[in-house]
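Understanding the architecture of this molecule
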Amino acid sequence: MDLGLAGRRALVTGAGKGIGRGTVKALHAAGVQVVALSRTRADLDSLVVEPLPGRAASGGTATPPGLGRRQKWLLCRPGALGRRKWTGRRRGQPPGHQARRCPGTALGPLPPPSAACVLNPKKPFLEVTKEACDTSFDVNLRAVIQVSQIVARGLIARGAPGAIVNISSQASQRAITNHSIYCSTKGAMDMLTRVMALELGPHKIRVNAVNPTVVMTPMAQANWSDPQKAKAMLDRIPLGRFAEVENVVDVILFLLSDRSSMTTGSTVPVDGGFLAT
C-alpha cells in the first residue's frame, strides 16, 4: 500500500540506533527527505554508508538520506535540549537569539517528526537516584516537548498541517519490576501525546504514540539473551514473540501518513497482545 509520503520532509530523533534508525531507512525508501538527529556522530556516519533501498553503498562525506549538502546531520547529547531555555536559546544568550541549528527553524516545514530516543535505567525503586531520574525525564520527556514545540510552532506559523509520532512503550500501562523511572516517563509520554493532540488538533497537527513491547534491537538482544528472563516476558505475550524493529516502523509510517488522517491522540500497541492480558 502506497502511503503517499514521497516528497515530504521528516525529522527523526534518536536516529542512530534501533527504532529511530529503522524509521530513517523506511522513510528514505518511501521518498521522504529525512533529517536524522542523533547524539553520536559515528552512528550517523555508519547510517550514511549503509546500503538502503534505492541507494547503493558509498563512501565520502557524511550526508544522511535525503539531506542537502549543507544540512548534513544534527548531533544531540542526552539532556542537551533540556539545558536550553524554553525559548530555544542557550543560557546567557540575549533575548531574540534563536539556535541557528534548531531543526524546526533551519529547514522550513518539517512534517512529520518522529521521536525515538530513550533511556531506561534499570534499578529497584529504593535505589533510584536523583541523577537517574533527572536524566531519564530530560531525555524521555522534556526533549520530546521541546523538539515538538519547535516543530509545531513552525508549522502553525506557516499554516501547514503535520503529524507527530512519539515512541512510548507497553511499560506506560503496566508496572514492570526495576523499571519505576522508565514506566513513569512512558506513562507521562502517553498523557503528553493526548494533550498535544487536543491542543494541536485545531492547527491540523495530529499527534499519536506507538507502544511497543520488547523490540529486538541489538541492545534488547543483549538485555533479553537470558532464556529464563525472556520466558517470563514471552509468557505474557499471546503471540509468543518479541517485536522486530520493522513491526514498529510500519506503524510509525502509517501514523505519519494521510492514511491515518482521522487518528490523533491514540496510543497504538505493538505488543503481540501483551496489554490484552
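First, a word on what this report is: a plain description of the structure on this page. (Residues numbered from 1 in each chain as written. Predicted model: local features only at pLDDT ≥ 70, side-chain atom pairs only at ≥ 80, totals over all residues. Heavy atoms only, no water.)

Attention now moves to the overall build of the protein. Secondary structure summary: the protein contains eight helices and seven strands in total. A total of 277 residues make up the protein; the buried ones form 47% of that total. At a minimum sequence separation of 6, the contacts of the protein that also span at least 24 residues come to 71%. Total accessible area on the protein stands at roughly 13700 Å², and carbon and sulfur atoms take up 57% of it. (Helix = DSSP H or I, 4+ residues; strand = E, 2+ residues; numbered from the N terminus. Buried < 20%, exposed > 50% of the residue type's maximum accessible area, 1.4 Å probe, protein only. Contact = heavy atoms within 4.5 Å. Areas by Shrake-Rupley, 256 points an atom, 1.4 Å probe, with all protein chains shown as cover.)

Another point: the packing of aromatic side chains. Taken as a whole, this structure holds one aromatic pair when the rule is applied. Over the ring of W224 we find K229, and its NZ or CZ is 4.7 Å from the ring centre. (Phe/Tyr/Trp six-rings, centres within 6.5 Å; stacked < 30°, edge-to-face > 60°. Lys NZ or Arg CZ within 6 Å of the ring centre and 35° of its normal.)

With that settled, the discussion passes to the pairing of strand β2 (residues 33–38). Counting buried positions over the six residues of β2 gives five, a clear majority of the element. Strand direction decides the pairing type here: strand β1 (residues 9–13) and β2, joined by five bridges, are parallel. Counterpart to A10 in the pairing with β2 is V34. Once you follow β1 into helix α1 (residues 18–29) and on to β2, the crossover reads as right-handed. (Pairing = 2+ DSSP bridges. Right-handed = clockwise from strand over helix to strand, strands pointing away.)

What follows is about the pattern of salt bridges. A complete count under the given rule lists eight salt bridges for this structure. Two residues, K25 and E50, come together in a salt bridge whose shortest N-O distance is 2.6 Å. Of the two residues, K25 sits in helix α1 while E50 sits in the loop between α2 (41–49) and β3 (74–75), which places them 25 residues apart along the sequence. Salt bridges sharing common partners tie together R21, K25 and E50. (Salt bridge = Lys/Arg side-chain N within 4 Å of Asp/Glu carboxyl O.)

Helix packing geometry: the angle between the two helix axes and the distance between the axes. Contact pair helix α4 (residues 130–158) / helix α5 (residues 180–200): the axes reach a minimum separation of 10 Å and the direction vectors enclose 15 degrees. As the angle between them shows, α4 and α5 are arranged roughly parallel. For the pair α4 and α5, the crossing hand works out as right-handed. Touching A132, C133, S136, F137, N140, L141, V144, I145, S148, A152 and I156 of α4 are I181, Y182, S184, T185, A188, M189, L192, M196 and L200, all from α5. Here the residues of the contact of α4 with α5 sort into 15 nonpolar, five polar and no charged. (Axes fitted to C-alpha atoms, helices over the stretch in contact; angles between N-to-C directions. Parallel < 35°, antiparallel > 145°, perpendicular 65-115°, else oblique. Left-handed = near helix turned anticlockwise from the far one by under 90°. Nonpolar A, V, L, I, M, F, W, Y, C, P; charged D, E, K, R; others polar.)

Counting 28 residues, the largest nonpolar core has V24, L27, V210, V248 and I252 as its most contacted members. Contributions of two or more residues to this core are made by β1, α1, β2, α2, β5 (162–167) and α8 (245–256). Ranked by residues supplied to this core, first place goes to α8 with eight residues. (Core = buried A, V, L, I, M, F, W, Y, C linked by side-chain atoms within 4.5 Å.)

Attention now moves to the side chain of T217. Locating T217 in the fold gives a position in the loop between β6 (205–212) and α6 (218–223). Excluding its chain neighbours within four sequence positions, the residues that come into contact with T217 are G18, I19 and V245.

This part is about the side chain of N140. Checked against the element boundaries, N140 lands in helix α4. One polar contact links N140 to T185, side chain to side chain, over a distance of 3.1 Å. (Polar contact = N/O pair within 3.5 Å; in protein donor to acceptor, adjacent residues only side chain to side chain.)

One face of the sheet, then the other: side chains in a regular strand alternate in exactly this way. Of all eight residues that make up β6, eight are buried, and the element is covered over most of its length. Neither face of β6 is open: one carries I205, V207, A209 and N211, the other R206, N208, V210 and P212, and all of them are buried. Relative to β6, β5 runs parallel, the two sharing six bridges. Paired with A163 across the strands is R206, a residue of β6. Following the chain from β5 across α5 to the adjacent parallel β6, one finds a crossover that is right-handed.

Our focus in this paragraph is the packing of α1 against α8. Between α1 and α8, whose axes approach to 9 Å, the crossing angle comes to 55 degrees. Taken as axis vectors, α1 and α8 run oblique relative to one another. In terms of crossing hand, the pair formed by α1 and α8 is right-handed. Counted together, G18, I19, G22, T23, A26 and L27 of α1 and V245, V248, V249, I252, L253 and L256 of α8 form the full contact between these two elements. Looking at the contact of α1 with α8, its residues break down into nine nonpolar, three polar and no charged.

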